[in-house]
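The chain contents come next:
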Amino acid sequence: MTTGTGSATMSGQGASDGDGWGGAVRVVHLTLRGRVQGVGYRAWCAHEARVRGLSGWVRNRAGGAVEAVLCGAPGAVDAMVAACRAGPPGARVDDLLLHEASEAALAAGGREGFVVLPTV
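So, how was this worked out
- Residues numbered from 1 in each chain as written.
- Predicted model: local features only at pLDDT ≥ 70, side-chain atom pairs only at ≥ 80, totals over all residues.
- Heavy atoms only, no water.
- Helix = DSSP H or I, 4+ residues; strand = E, 2+ residues; numbered from the N terminus.
- Buried < 20%, exposed > 50% of the residue type's maximum accessible area, 1.4 Å probe, protein only.
- Contact = heavy atoms within 4.5 Å.
- Phe/Tyr/Trp six-rings, centres within 6.5 Å; stacked < 30°, edge-to-face > 60°.
- Pairing = 2+ DSSP bridges.

1. Comments concerning the environment of Ala68
Tracing the chain through its elements places Ala68 in strand S4 (residues 66–72). In this structure Ala68 comes out as buried when scored by relative accessible area, which is 0%. As for Ala68 and Gly56, which are separated by 12 residues in sequence, their C-alpha atoms are 7.4 Å apart. The residues contacting Ala68, other than those within four sequence positions of it, are Val28, His29, Leu30, Trp57 and Val58.

2. Some words on the packing of aromatic side chains
Enumeration over the complete set of coordinates arrives at one aromatic pair. Summarising the aromatic geometry, the rings of Tyr41 and Trp44 are spaced 5.3 Å apart at their centres and angled 65° between planes, so their arrangement reads as edge-to-face. One end of the pair, Tyr41, and the other, Trp44, are both in helix H1 (residues 41–51), three residues apart, so they sit about a helical turn from each other. On the accessibility criterion, Tyr41 (1% relative accessible area) is buried. For Trp44, a relative accessible area of 17% translates into the label buried.

3. A word on the pairing of strand S3 (residues 55–60)
Within S3, six of the six residues are buried, which leaves it mostly tucked inside the rest of the structure. Burial along S3 is two-sided: Ser55, Trp57 and Arg59 and Gly56, Val58 and Asn60, pointing in opposite directions, are all buried. Here S3 pairs with S4 via six bridges, running antiparallel. Counterpart to Val58 in the pairing with S4 is Ala68. The turn linking S3 back onto S4 is made up of five residues, and Gly64 within it adopts a positive phi angle of 105°.

These values are about where atoms sit, not about what they do.
Now the structure itself:
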């Protein structure tokens, strides 16, 4: 399993005072490969992200991967990344590539909430 690493935490960069995260925001971009399409991965990911209070998006890629952007409190993002390594029942994650990102990565889905986007 390949994992890009980094520990960048943005404090207040683009975050409003009332963001509910105390000003510390972490944004990551994930690409997951394996048996991640046709197993409900996107719906599972959206549910798990919402439970953790994260914003962002998830979508399938035409090549068979799943791509996601997660934004929120650093601990909640870390917990979601750990959950994504396993995925929902029936999924098999062979590779998880993680890149630290900026809040600009949320543009595809909007900053509010967590959405499932169409396949690209």
